[in-house]
Amino acid sequence: MAIVWDEHLTGPFGLIAQYSLLKEHEVDKMFTLKEGRIPPADVKNIIFFVRPRLELMDIIADNIRCEDRLHGPHRDFHILFLPRRSLLCEQRLKEQGLLVHITHIEEYSLDLIPFDSDLMSMESESAFRVIANVKLPPEKFAPKKQNETGRDLPTEPKKLQLNSAEELYAEIRDKNFNAVGSVLSKKAKFISAAFEGRHNAKTVGEIKQFVSQLPHMQAARTSLANHTSIAELIKDITASETFFDNLTVEQEFMSGIDTDKVNSYIEDSIAQKEPLIKILRLVCMQSVCNNGLKQKVLDYYKREILQTYGYEHILTLNNLEKAGLLKPQTSTRNNYPTIRKTLRLWMDDINEQNPNDISYVYSGYAPLSVRLTQLLARPGWRSIEEVLKMLPGPHFEERQQLPSGLHKKRQQGENRVTLVFFLGGVTYAEIAALRFLSQMEEGGTEYIIATTKLINGTSWIKSMMDKLEPSLF
Amino acid sequence: WKSGIVVHIGWTTREDLLFIQDDGTVLIHDIFGTFKRHFSMGNEVLQNRVMEAKIFFTPYGSGVAILTGAFRFTLATNIDDLKLRRFPEVPGLQHPPTCWAVLVQDRQTKIVLANGKDLFILDNASCRAVTPPGLGPQACTFTQIAISFNYKRLALFTDTGNIWMGSSSLKDKLCVVDTNLQTPPKQFVWCNRPKSNNPSVVGIWDKLLLIAGNSKETIKYPYAVTAKAVMALLCSQVKWHLERLIKSRFYQDEDVHLVPEVDGVRIISSSSHEFLHEVPPACQDIFRIASMAPGALLLEAHKEYEKESQKSDEYLREIKEQNLLFEAVEQCIEAAGNEYEPEMQKSLLRAASFGKCFISNFPPDTFVKMARDLRVLNAIRDYTIGIPLSYPQYKQLTIEVLIDRLVLRRLYPLAINICKYMKISEFQGASRILAHWACYKVQQKEEPDDNIARAINNKLGDTPGISYSEIAAKAYECGRTELAIKLLEYEPRSGEQVPLLLKMKRSQLALLKAIESGDTDLVYTVVTYLKNEMNRGDFFMTLQNQPVALSLYRQFCKHQEPETLKDLFNQDDNHQELGNFYVRSSYSNETTIEGRVAALQNAVDEYNKAKNEFAAKITEEQIKLVRCQFRLQKESAKTLLDLPLHETVSTLLLESKHKQAEQLYKDFKIPDKRFWWLKITALAKKEDWEELERFSKSKKSPIGYMPFVEICVKHHNKYEAKKYVAKVSPEQKVKGYIMVGDLEQAVEAATERKNESELNTILSKCTPATDQLIIEKINRAKTQILKK
């Protein structure tokens, strides 16, 4: 059989079943779904793995029609929907008169994709690969050997799968970017000390013990080398002036400095045509921290953006306005400082190396979502009733009535497990903050995170952009 | 009975009653006699009429075989998946065959038939004449055929009174028995226990029942005799056992009917129901007169033990000496399964339990299972239930099917009790039965909807595995829509409610439930349904009241039906979105400048109506730009259309069209700051340093002079960069000097500002080997600052 893949699914599926496994189960060929002919293959069955989207149905229809025209109906077609079959899609196939051509329509209900032991995502939109695997420039990972020149450098991008199964990654992933370096160097010392240990091994027993630990130590050394290289790549960015300037402005906004007037850094960034997403992030942040911008300021920013990046972005700006990320100030009162103070969203004395509060994740800003989670566990939302009213959107508590059979008694010493479901997406910093809460000794609560999508500031804003492609001229 | 002439009546494996009529119509009635459905055996049968019919069982279900008036056979092997097969003609068949039977072999259905002296096997494609081996040379007519329950054996009755028994392939002979009876039996069937070595057939004549087996002798019972008691007769080492099941009183002139079973034959008369079967080996061993089998000894041992007699020990010793205690226990357990009287079952099980005490680790399963099975069997054998199964039949049927049969008889409480007792999971057991009960309950027409709905919910509650929507579907099937809706209220999965509601044409309610479910696909399903059912106005009106559905529909339209989207916005007077719509369409639909401008003008109008002054003005500005670009493009080598204003100016500057750029700057009110950035970026890119210098002096820079330094450095011209450092504001001067590589000046500037951190920054840029002097200077400056 052959599988025709919806491009967006190859990533998540790779986490569950590798190609080799599929091969064992008689998958001979794999193709990417696209219009026109399916590449020739000597197979009887063709299975489409697709998301339930109408435009994909049209492509499948096109594929099948091409097949039938070329070979006549001698192949069996099957569709497997992920994560859910959709009547709407089936209807579409029916309209195209193709439902009869399809032997099986099934669903593979993969609702939540496990990313890690405490993290699940529905990945309702694309961009999966970027998250699960990292692709890194190859030259940084060439084995370093002195006196050896002209050695071929690997050219394929390096691919690493990152999750808590890797000890070192589990340790550093939730650290502030400023704290990674010291952890890595400590680790490096520890590992070389361990290797030095062989000189101290005198008796046969000791040597034996040393040798038995060797594979583990070697793995640790490889892992350390990889992560040092990655950290260097990250440091190139975090040490740059642009990053620093940007962070400074962000932190100024978050701590409430000069949020009510046009910011010259943003202005200059527009004038130099820095990436639009960066601009939008900053403007939105300013708007949120000022409970909306003065009409004049807002119009100025909007005009600058439209003149610089193109008028078509008027739709994107409208989307941001609809989402409330960008808005004119309606009342003279700015709630943000109250919210910031009550919920301690900005912490001046942060400890990036040995954090004592979730604000370490952003070097000062404590993510609102996680702070709310923290306060819900203790002392409860009743204490912040007033502030909750100021936050956008309603808040409510609902207690689910469990059928008696489902009640579970907690063992003594067993932590309460709380599932935090982020609708719309969660960032890695928020995850790190929640993990920090899980690890707090007096917390007594473990958090499991589920979300519709793993995001970061860039991908989030990107998802709100309306892309208009000029069609002529 | 108004339907027609019935030729044959019989049960199916699912306990439906089939009535085969002479026109080939088969009517199916359930166990309560209610008509379920009917089907036809085809035109050929209708034309030639049914002469004879037989119902037979295959592993797939129940089949019907018809012999038509034209002496042809038509078969349906599974009445639930009707496929009619017409069998080929039998050569030389001018009269109805003297006898025939259905044979299922190798998944193929065949017919064995006799036409006087000739015997044929008929299948789908061919007709083959066969001769049973070992019947002797004398010519005889076959008057009866019997095929065993498992289709492995076949028996023939001849007009000379001989019975031929053999394999159903007619290749191997078992034996030939002479009955001395010339008249053919009224009924002729096999009576076989699985794995038995004593295959036998049973035939009945008026007032006579005959058993013939693998021996010279036959057993003949006048009915009157058999009626006397449950009896065991010995015949060539074979014991026959006639079980009285319901009431056993034969009358001399009573008609009887034989029903072959997997392990024996039921003998049914108008007033009694008896079961004839070969006594199973375990029972034979134990109950044979003076038996010394281990089981018999164990039973005896236990009897003595109850009497507190030391003989018990003697018996036990005897078994143990032969090392047969294990077998003894097994025999007792097995025999208990084949006994019908609970008292006898109990004493056998007690004996087994007693024997077990002397075996260190006898696996408990067989004993426990048998005790449980017997409890179930005794319960269903009760005359009020009336399912007199033997143990092998029960095993063959499986507990699941048995429960189905109880459900079929509406014996719900017993079925549930059995499920609980046999520890069948709620999902497959109790809940399923309750669901059946509920489906039955909704058919009780005399009870009001409310009562039924409440009764069902009281009993079923939140039991796992219950589907209220299935019950509701049943209610709807019975024409009780209101009840169905009430029942659906109890269905926790909205997803299950919607399809039925749509089917019942309660589309509004369906939409509500679909929205509640949070399943967008479901909402879309209902919305699409509504769209097709209603006229456009009503459809929009309905959506208007359901914001979730409306916004989902908008999403759908955005991708699939942009024009509908426009209508929706129009209906809402949503001018903002209409404006957006025109902007979008100006990009995706328009291929001419006029078209785009017209679309954008529409957008401006809508934005104005929406009182979005900014959007209206900026879109007007966009129109202005498109027109400018179009004009400028004529004189330019570069494409300008569709470039942002910023890029347009930049392109003009790169082409040294300063005047035009200047004009755009004024016309579009580009802020000074940005225009300066634009200009210096373009000039540096062109490396037009002279012009850059001239521009820097044209007036005071609104962006300061640091950008000049930066842009020159960026284009690797430190020489030019140096020209601007002096003009840089004091705060940035040090940074500027460092940038152009003039550390000495940097130190001076920093010293002037008495700024220690700036000095440190410079220090970090120094190389000890070459910048020794500067380092010293810095250190001096630092000490001076510290002093003060």
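You'll find the structure just up there.
Residues numbered from 1 in each chain as written. Chains lettered and ligands numbered in written order. Predicted model: local features only at pLDDT ≥ 70, side-chain atom pairs only at ≥ 80, totals over all residues. Heavy atoms only, no water.

Colleague: Help me out: how do you make sense of the overall build of chain A in this one?
Modeller: Along the backbone of chain A there are 18 helices and 13 strands. Taking all 473 residues of chain A together, the buried fraction comes to 43%. Look at the contacts in chain A between residues 6 or more apart in sequence, and 71% of them connect residues 24 or more apart. Surface exposure of chain A reaches about 26,800 Å², of which carbon and sulfur atoms provide 53%. (Helix = DSSP H or I, 4+ residues; strand = E, 2+ residues; numbered from the N terminus. Buried < 20%, exposed > 50% of the residue type's maximum accessible area, 1.4 Å probe, protein only. Contact = heavy atoms within 4.5 Å. Areas by Shrake-Rupley, 256 points an atom, 1.4 Å probe, with all protein chains shown as cover.)

Colleague: Mind showing me how you'd approach the packing of helix 10 (residues 399-408) of chain B against helix 12 (residues 430-441) of chain B here?
Modeller: Helix-helix packing: each pair is described by the crossing angle between the helix axes and the interaxial distance. All names here are of chain B. Direction vectors running N to C along helix 10 and helix 12 enclose 25°, while the axes themselves pass 10 Å from each other. On the basis of their axis angle, the class for helix 10 and helix 12 is roughly parallel. In the packing of helix 10 onto helix 12, the handedness of the crossing is right-handed. Facing helix 10, whose interface residues are Ile-403, Asp-404 and Val-407, helix 12 presents Arg-432, Ile-433 and His-436. When the residues that make up the contact of helix 10 with helix 12 are grouped by side-chain class, the tally is three nonpolar, one polar and two charged. (Axes fitted to C-alpha atoms, helices over the stretch in contact; angles between N-to-C directions. Parallel < 35°, antiparallel > 145°, perpendicular 65-115°, else oblique. Left-handed = near helix turned anticlockwise from the far one by under 90°. Nonpolar A, V, L, I, M, F, W, Y, C, P; charged D, E, K, R; others polar.)

Colleague: Could you clarify how one ought to interpret the sheet that holds strand 15 (residues 162-167) of chain B in this entry?
Modeller: Residue and element names in this part refer to chain B. The antiparallel open sheet is built from four strands, whose spatial order is 13-14-15-16. In this open sheet, the two edge strands, each paired with only one partner strand, are strand 13 (142-147) and strand 16 (173-178). Looking at each pair of strands side by side, their axes are set apart by 15° on average, direction ignored. Pairing of strand 14 (residues 153-158) with strand 15 involves five bridges; the strand directions are antiparallel. Following the sheet pairing, Arg-153 is matched in strand 15 by Ser-167. (Pairing = 2+ DSSP bridges.)

Colleague: Would you mind going over the interface of chain A and chain B with me for this structure?
Modeller: Reports often express the size of an interface as the amount of accessible area lost when the parts come together. With 37 residues of chain A at the contact, the number on the chain B side is 41 residues. Across the chain A/chain B interface, buried area totals approximately 3,500 Å², and carbon plus sulfur atoms make up 58% of it. Our count for the chain A to chain B interface comes out at seven salt bridges. With its nearest N and O atoms 2.7 Å apart, the salt bridge here joins Glu-647 of chain B to Lys-273 of chain A. At the boundary of chain A and chain B, one finds 20 residue pairs in polar contact (both at pLDDT 80 or more). Among the elements of the structure, helix 4 (87-95), helix 10 (264-271), helix 12 (295-309) and helix 13 (314-322) of chain A are those that each provide at least two residues to the side of chain A that touches chain B. In terms of residue count, the dominant contributor to the side of chain A that touches chain B is helix 12 of chain A (nine residues). Residue classes in the side of chain A that touches chain B are distributed as 15 nonpolar, eight polar and 14 charged. (Buried area = accessible area lost by both parts, 1.4 Å probe. Salt bridge = Lys/Arg side-chain N within 4 Å of Asp/Glu carboxyl O. Polar contact = N/O pair within 3.5 Å; in protein donor to acceptor, adjacent residues only side chain to side chain.)

Colleague: How should I be thinking about the packing of helix 11 (residues 412-421) of chain B against helix 12 of chain B in this particular structure?
Modeller: Residues and elements named next belong to chain B. Relative to each other, helix 11 and helix 12 sit at 170°, their axes nearing to 9 Å. Of the possible angle classes, the one that applies to helix 11 and helix 12 is roughly antiparallel. Along its contact with helix 11, which presents Tyr-412, Ala-415, Ile-416 and Cys-419, the element helix 12 presents Ala-430, Ile-433, Leu-434, His-436, Trp-437 and Tyr-440. Counted by class, the contact of helix 11 with helix 12 contains nine nonpolar, one polar and no charged residues.

Colleague: Can you walk me through a nonpolar patch on the surface in this structure?
Modeller: A cluster of nonpolar side chains, namely Leu-112, Met-122, Leu-419, Phe-421 and Leu-423 of chain A, defines an oily patch on the protein surface of about 470 Å² accessible area. You can see Leu-419 of chain A is positioned in strand 10 (residues 416-422). (Patch = residues over 30% accessible without salt bridge, like charges linked within 9 Å, V, L, I, M, F, W, Y side chains within 5 Å.)

Colleague: Is there a simple way to explain the packing of aromatic side chains in this structure?
Modeller: Each aromatic ring pair is summarised here by two numbers: the centre-to-centre distance and the angle between the ring planes. As enumerated under the stated definition, the model contains 23 aromatic pairs over all chains in all. Measuring from centroid to centroid gives 4.7 Å for Trp-5 of chain A and Phe-49 of chain A, while their planes differ by 55°, and the two rings are tilted. Taken together, the residues Trp-5 of chain A in strand 1 (residues 2-5) and Phe-49 of chain A in strand 3 (residues 45-50) connect sequence positions 44 residues apart. Each member of the aromatic cluster is reached from another via a ring pair, and the members are Tyr-524, Phe-539, Phe-540, Tyr-553 and Phe-556 of chain B. Positioned over the ring face of Tyr-587 of chain B is Arg-596 of chain B, at 4.5 Å from the centre of the ring. (Phe/Tyr/Trp six-rings, centres within 6.5 Å; stacked < 30°, edge-to-face > 60°. Lys NZ or Arg CZ within 6 Å of the ring centre and 35° of its normal.)

Colleague: Help me out: how do you make sense of the environment of Thr-98 of chain B in this one?
Modeller: All names here are of chain B. The topology assignment puts Thr-98 in the loop between strand 8 (84-86) and strand 9 (99-105). Judged by relative accessible area, which is 40%, Thr-98 ranks as partly exposed. In the structure, Thr-98 is positioned 18 residues away from Gly-116 in sequence and 6.0 Å away in space, judged by C-alpha atoms. Contact partners of Thr-98, with chain neighbours within four places excluded, come to Ala-114, Asn-115, Gly-116, Thr-141, Phe-142 and Thr-143. Within polar-contact distance, the side chain of Thr-98 engages the backbone oxygen of Phe-142 at 3.0 Å.

Colleague: In this structure, what is going on with the sheet that holds strand 3 of chain A? I would like to understand it.
Modeller: Sheet strands line up and pair through hydrogen bonds in the backbone, either parallel or antiparallel. Residues and elements named next belong to chain A. If you walk across this open sheet you meet the five strands as 2-1-3-4-5, and the pairing is parallel. Each edge of the open sheet is held by one strand with a lone partner, namely strand 2 (29-32) and strand 5 (102-107). Each strand axis lies, on average, 20° off the axis of its neighbour in the sheet, ignoring direction. Direction of pairing for strand 3 relative to strand 4 (residues 76-81): parallel, over a ladder of six bridges. Opposite Ile-46, over in strand 4, you have Phe-77 as the bridge partner.

Colleague: For this particular structure, what's the right way to read the pairing of strand 7 (residues 73-76) of chain B?
Modeller: Put simply, side chains in a regular strand alternate between the two faces of the sheet. Residue and element names in this part refer to chain B. Here strand 7 shows no split at all, with Phe-73 and Leu-75 on one side and Thr-74 and Ala-76 on the other all buried. As paired elements, strand 6 (residues 61-68) and strand 7 share four bridges and run antiparallel to each other. Note on strand 7: the bridge partner recorded for Ala-65 is Leu-75. Here strand 6 folds back onto strand 7 in antiparallel fashion, the turn holding four residues, of which Phe-71 has a positive phi close to 60°. Pairing between strand 7 and strand 8: three bridges, direction antiparallel.

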